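Summary of structural features
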Amino acid sequence: MAPVDADFMARALELAERGRGFVMPNPRVGAVLVRDGGIVAEGWHKVFGGPHAEVECLHDAERKGVSPAGGTMYVTLEPCNHFGKTPPCSRTLLDAGIARVVVGCLDPNPVAGGGAALLRQEGVEVTVGVLESQCREAVADFITWQTMGRPYVTVKLAMTLDGRIATRTGDAAWVSCEASRERVHAMRAASSAVLVGGGTLRADNPRLSHRLPENHPLAHNPQPLGVVVTRRLPDADAQLALLKDRPTRLVILTDAKAAASPVATQLEKAGVRVWGLPRAANGEGLDLAAGLARLRQEARVFALLCEGGGELAASLLGQGLADELVIFYAPKVLGDAAAVPGFSGLTVPRMADAAQLRFTSMESVGTDVMVRLRPAQRPE
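Residues numbered from 1 in each chain as written. Predicted model: local features only at pLDDT ≥ 70, side-chain atom pairs only at ≥ 80, totals over all residues. Heavy atoms only, no water.

Side note on the sheet that holds strand β6 (residues 152-159)
Read from one edge to the other, the open sheet built from 9 strands follows the order β11-β10-β9-β8-β12-β6-β13-β16-β15, with strand pairing classed as mixed. The sheet terminates laterally at β11 (273-277) and β15 (357-365), the two strands that pair on one side only. Averaged over neighbouring strand pairs, the angle between their axes works out to 20° when direction is ignored. Across 5 bridges, strand β10 (residues 250-255) lies against β11 in parallel orientation. Considered in β11, the bridge of V251 is made with R273. Together, β6, β9 (225-229), β10, β11 and β12 (303-306) form the strand contacts of helix α12 (residues 288-299), whose direction differs from that of β11 by roughly 140°. (Pairing = 2+ DSSP bridges. Helix = DSSP H or I, 4+ residues; strand = E, 2+ residues; numbered from the N terminus. Axes fitted to C-alpha atoms, helices over the stretch in contact; angles between N-to-C directions. Contact = heavy atoms within 4.5 Å.)

Written out as structure tokens, the structure reads:
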């Protein structure tokens, strides 16, 4: 891999990130057109149903009066090779006279894949695998809902430096700073659903909605579905925001007994979906994978944001369902062993049995530090 190839692909990755929250369930993809050793046009997939990154890049070239013929296109994901909401990008690149295509990673979707092979057959020079791991990271959510039949799950936590999400009395207002809280609202706006446990529902009475400034790019995204995991169902007339304001946008995951109870019947009459889940394979807790699969199949949930609490976060991690962790560390220390930990409920006798993660990014957000992590095993 030539260093210059990596530089151009890195720019394409930056552009791909601009599609976050707008293109689901399509992947985020970026593209740049290079001529005479420099970038002359750029594009990214901007909205679901709209032109793909390669086409946006060609449109940018046209606006600038630049001919793409004989140029090199760098694209983070293999150009699609099928007719969907838009024509195949592979054919568009051929028609534009692109001489070389550099691809970050191949498309895991068997329906859309094959663009690289077609381009080669038509005489285009194709290079695959430039910044491949980074490009696969950029479409990790797409890979999950394409290959696993469930949503991509992000676990978000706001913690003190000693790993506590609330005081011993349950006071969590506020662990993180205002800038971090706005970032979380953007994460909600970019998600199909927001998940909490029953304890969080009862203690915090959350709305699970995004509330962003009018000028924020994601401010007008649809509100996410609210999802609650609890064996203890609330009464249909309980004074809870989710029940009062949007019962038809609420799913409760519970055990089979509670799902067949009169309380569940009353909730369903109010418009709430109450789904019974089997027990987890280890006999402890609910089989969350079954609930996630049903959310994907019946509610078109592609990206799910888990916001609490510590037991639910640990359950997702323990069942191998946490695809990404986003932790906002506040510059605070409680130093209280009885304060609420960020993760709880697992039994881990040896350090070797701990969940293994890897850092993917870290940045300052207001007075906090936001850390992203993913499982140590990269998605295949």
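There's plenty left to go through after this.
Quick word on the environment of I98
Note on placement: I98 falls in the loop between α3 (89-96) and β4 (100-105). Residues I98 and G19, spaced 79 residues apart in sequence, show a C-alpha to C-alpha distance of 24 Å. For I98, the contacting residues outside a window of four places in its chain are L33, L58, P68, G71, M73, L93 and V124.

Details of α12
Between its first and last C-alpha atoms α12 spans 15 Å; for 12 residues at 1.5 Å apiece the expected length is 16 Å, and the two agree. Buried positions along α12 lie against β6, β9, β10, β11, β12 and α13 (310-318). Positive backbone phi, approximately 50°, marks R300, located one or two places after α12. (Expected span 1.5 Å × (residues − 1).)

Topic: the domain arrangement of the chain
The domains assigned to the chain are domain 1 (3-144) and domain 2 (149-375). Placing the centre of domain 1 and that of domain 2 at their C-alpha centroids yields a distance of 34 Å. On the side of domain 2, 17 residues touch domain 1, which itself brings 9 residues to the contact. Taken over both partners, the interface formed by domain 1 and domain 2 buries close to 1,000 Å², and the fraction arising from carbon and sulfur atoms is 57%. (Domains from an automatic or database assignment. Buried area = accessible area lost by both parts, 1.4 Å probe.)

Some words on the packing of aromatic side chains
By convention here, two paired aromatic rings are described through the distance between centres and the angle between planes. Evaluated as defined, the whole model comprises 3 aromatic pairs. With a centroid separation of 5.1 Å and 55° between ring planes, the pair formed by F8 and Y74 is classed as tilted. Highlighted residues: F8 in helix α1 (residues 3-17) and Y74 in strand β3 (residues 72-77), separated in sequence by 66 residues. Here F8 matches Y74 in class, with each residue buried. Here the aromatic rings of W145 and F302 are separated by 5.5 Å at their centres, their planes lie at 70°, and the arrangement is edge-to-face. Of this pair, W145 sits in helix α6 (residues 140-147) while F302 sits in the loop between α12 and β12, placing them 157 residues apart in sequence. Across the pair, exposure class does not vary: W145 and F302 are buried alike. Following the ring pairs from residue to residue traces out a cluster consisting of F142, W145 and F302. Lying over the aromatic face of W44, K46 brings its terminal NZ or CZ to 4.8 Å of the ring centre. (Phe/Tyr/Trp six-rings, centres within 6.5 Å; stacked < 30°, edge-to-face > 60°. Buried < 20%, exposed > 50% of the residue type's maximum accessible area, 1.4 Å probe, protein only. Lys NZ or Arg CZ within 6 Å of the ring centre and 35° of its normal.)

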